[in-house]
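# Analysis of the macromolecular model
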Amino acid sequence: MADAAVEFLLDNLKQLLIHHVKLIKDAQSQVEQLEVNVSFFKSFLKKVSSKKQRKDETLKSLVRDIRGVVYDAEDMIDAFVTQAAENKTKNYFIRTFNASTSIISVADQVDTICRRISQIYGSKDKFDLATLPAADADDEEPLQPTPSRKDNVVGLKDEAEKIVGYLNEKTGYLDVISIIGMPGLGKTTLTGKIFHDPDIKYEFPTRIWVYVSQEFVAKEVFLSILRQMMTKLNEEEYNKKRATDLAEEIASALEGGKFLLVLDDVWEPTDWDKLKIALPKHNTTGKIMITSRQVGVGRYANRFREPHNLRALHLDESVELLQWEVFNKPEFPVDLDAVGREIAGNCDGLPLAIVVIGGVLATKVSSSASAWEKVSKSVTTFLQLDPLNRMDRIISMSYEKLPYHLKECFLYLGMFPEDFEIPAWKLIRMWIAEGLIQPKDGISMEESAELYLDDFINRNLVRVEKFKADGKVKTCRIHDMLRDFCRTEGGKDRENFLQEIKQSSDGGLQPLVIEGGEKHRRLCIHSNVLDFLRKNPKGTYVRSFVTFSEDIEIPTENISAISAGFKLLRVLEAKPLKFCKIPSDFYHLVHLRYLTLSLKLDSNSKAATLPKAFTKLWNIQTLIVDTTSRTLDIKADIMSLTQLRHLKTNASTTLAKPAKESKEGEKLQTLGTISPESCTEAIFDRARNLKKLGIRGKIASFLDGKIGSFDSLRKLSTLEKLKLLNDVFPKAASEGKLDCLPPAYKFPGNLRSLTLFHTFLDWSHMSVLVSLEKLQVLKLKDNAFMGSRWEVRDRGLDSLEVLHIGRTDLSIWVASAHHFPSLKRLELHNCEKLKDVPIGLADIPKFQYLDVQRCKEAASSARRIATKKNAPSFKLSIFPSDDVKNNA
């Protein structure tokens, strides 16, 4: 793990010496010498990267010392730069670091370690890396994409049948069915299997799944329920409502018709009291399913039905699950059959243990039986422990088997709340900002990070929750026990890697972060955030501050609590915290690389603004701005931010005109959503390497050349994803109707994904899109195209793999398989007038998934396609299901 820290510090030093040497003029020679020595560390660590070498006690001691001194150097350099950038902070840092004298001290420490290495392996001037023992050929695992593992639900057929029987049972009350079991027994997996069963989907037109967890917020649970019940939830409006008001609205909506509501991971009987206020009082046809570790929760929720205690897997079920996890088929190779069955039996019927061990063995599929024997002996040893410690040791074994560069990335998952659906895009950018992703020749850091995440998924340490249209991971989750391991392993008793701030039994917060305390490097707090900020916390060494709490408007008196208390932050993920203004000392956070900022307008403001002072945040890589305003005006010249890679906003954002001397912007990969007025030659000359671009505003005027320049997009040769969101507020959306689309040759040449929103185009204009030869994903959202009939002519979309059509008045769609020869996925949402899905689409060989939501008339034709397709790999999802059976 020292490797990533060394790489990060080295890059930091290079940036200072090239772009900001004036900030270190009082210690330039020491910084230059640091760069030389840190480069030496990099070469040394690369050479001693094998597993065998890392077990050598002398080398382990050196690596530990290197990591410690690198962290110290990092702290001192960053503090020195902050002090130089803002004189107001001088006293703060003198008290803590003693400024430039500390840099000299750290430089001496670094030099001492270099001399130690030289004493062991020869003169530094004649340092010969070849004298070190060679690394094992198989130690460096190549970064390559691997197929995502599917969820393997094996066994427990009898258990599932019992639960389904309860769901089909008629009662004179709102029935609550609880599934109880120890952590890792498969409660959520079994419930998910039932929830997604086609017969259950058919029986219950409305199905809702929410994660509760130990420290849940009732309002957030209720909002999650409403998001699944409503086609479009006005987040701003509903966030203002009280939890009791939201509960009443849910209860009212659920009074009629059959529904299935899953409350996953309820901890205490008292939690049920907070949740049941959202349930209907008179509906006896709906069903509630609860998963919990405590039998008392189930008994408290339903006195008429005993909780269902989930059993462990039988031996044959354990064997089959392990076979699927390792080989993706229900069999072992002959030479591994005996030891494989032994390992499965030793997991004591605990699915999580089998899945985690399977992830370890999946990396050894080509290994000999002796390698599997070692795993078997470890599992046998763990069996002698009590169940909770046993599982912890199994997870620990899987963690120790991780390649060195993956360990800190895995521990970082402990920063997210329990049962949280983690956006992969966000996780990857936070990893990069923290310096946890090591650069590789010929591959971007984003691509490397995606491969890291794939690795965790294939080791069964992380599971995919949702996929993006291009097949990449959109969101993921980590099991509670794995998350607990991350927090324990990364906690203060180990490496001070991360610390979670939680409410203690006496109502206070634990631990308190005060200046001069432990060297916590990352803090997460997901409840009682305002109480925490009111204590004016200090975290001298904190580099990440992360919160995914309920939304909070920060009072004026606490608005500087974060920027005043955590001056060396690299990552600030604080979307729930609503700032009515940005405090002046916020711009002291010059080391920020990742920032999520929420701006709340006061009654006197017409639009949100990011001032010119934002250019002081010269390290920023990822900037995400969420605002209650429809527009955002960025006064800062973002093209002067040399490290900026991603700018994302939810508003129509106007960018400042780049200064003539500003020649940066080539690192920008994501830009959106910007206003059409900002789509100029000057912007795209600099941001010429964009991969994703979102444009929001008066798209008709943009295409006509009245504002901005659509023609300038053509020069974006690397652009792969384009979103055009038509917004003519305060006029009605329909008044912004587009007359046509530009000819195909004016679109970026490598465009692979196009999203249109509220463009109100006639279906005849699809003729332009069929000429985009590389287009793989087409999303026609909310009235993108209108008209009762779409007849695809002779030429179709040959490369299209994903087609989404949402909210349109389309009634008749005429098409056949040769029009969409590459189609894999079709999503039809809120096409209430559509009579049929073209039956000919069933003849497309690659067609794998049909998702039909709120398209009542088209549901029967969708089922006919599934019948004609008649392939196990084909999936059909219809919501809500036909209610013919329910009314029979």
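Heads up: these notes are all about the structure in this document. Bear in mind the structure is a predicted one, so any value in this text is a computation, not a measurement. (Residues numbered from 1 in each chain as written. Predicted model: local features only at pLDDT ≥ 70, side-chain atom pairs only at ≥ 80, totals over all residues. Heavy atoms only, no water.)

This part covers the sheet that holds strand β7 (residues 463–467). Spatial ordering of the open sheet is given by β6-β8-β7, a layout of three strands whose pairing is antiparallel. A strand with exactly one partner marks an edge of an open sheet, and here the two such strands are β6 (422–423) and β7. Relative to strand β8 (residues 473–477), β7 runs antiparallel, the two sharing four bridges. The residue bridging R463 from the neighbouring strand is R477, located in β8. (Pairing = 2+ DSSP bridges. Helix = DSSP H or I, 4+ residues; strand = E, 2+ residues; numbered from the N terminus.)

Let us look at the packing of aromatic side chains. The final tally for this structure, using the stated rule, is 26 aromatic pairs. Pairing F532 with F545 gives two aromatic rings, centres 6.2 Å apart and planes at 20°, and the pair type is stacked. With F532 in helix α24 (residues 529–534) and F545 in strand β13 (residues 544–546), this pair connects stretches of sequence that are 13 residues apart. The pair F532 / F545 is uniform in exposure class, with both members buried. Three or more aromatic residues joined by ring pairs make a cluster, and in this case those are Y399, F410, W431, F456 and F485. Here the guanidinium or amino end of K407 rests over the ring plane of Y399, the centre of that ring lying 5.3 Å away. In this structure, R630 is placed above the aromatic ring of F729, and the distance from its NZ or CZ to the ring centre is 4.1 Å. (Phe/Tyr/Trp six-rings, centres within 6.5 Å; stacked < 30°, edge-to-face > 60°. Buried < 20%, exposed > 50% of the residue type's maximum accessible area, 1.4 Å probe, protein only. Lys NZ or Arg CZ within 6 Å of the ring centre and 35° of its normal.)

Once that is clear, we can look at a positive patch on the surface. Residues K474, K648, K723 and K781 make up a contiguous surface patch of positive charge. Summarising the element assignment, K648 is placed in strand β20 (residues 646–655). (Patch = residues over 30% accessible without salt bridge, like charges linked within 9 Å, V, L, I, M, F, W, Y side chains within 5 Å. Areas by Shrake-Rupley, 256 points an atom, 1.4 Å probe, with all protein chains shown as cover. Salt bridge = Lys/Arg side-chain N within 4 Å of Asp/Glu carboxyl O. Lys, Arg positive; Asp, Glu negative; His and termini not counted. Charge placed at Lys NZ, Arg CZ, Asp CG, Glu CD.)

Bringing the pattern of salt bridges into the picture now. The tally for this structure, following the rule as stated, stands at 43 salt bridges. In this structure, R864 engages D836 in a salt bridge whose closest nitrogen and oxygen atoms are separated by 3.2 Å. Taken as a pair, R864 in helix α29 (residues 859–869) and D836 in the loop between β31 (825–829) and β32 (849–853) lie far apart in primary sequence, 28 residues in all. Classification of R864 as partly exposed rests on a relative accessible area of 44%. Judged by its relative accessible area of 35%, D836 is partly exposed. For D843, the salt bridge is made with K868, and the minimal N-O distance between the two is 3.4 Å. Here D843, found in the loop between β31 and β32, pairs with K868, found in helix α29; they are 25 residues apart in sequence, far enough to count as distant.

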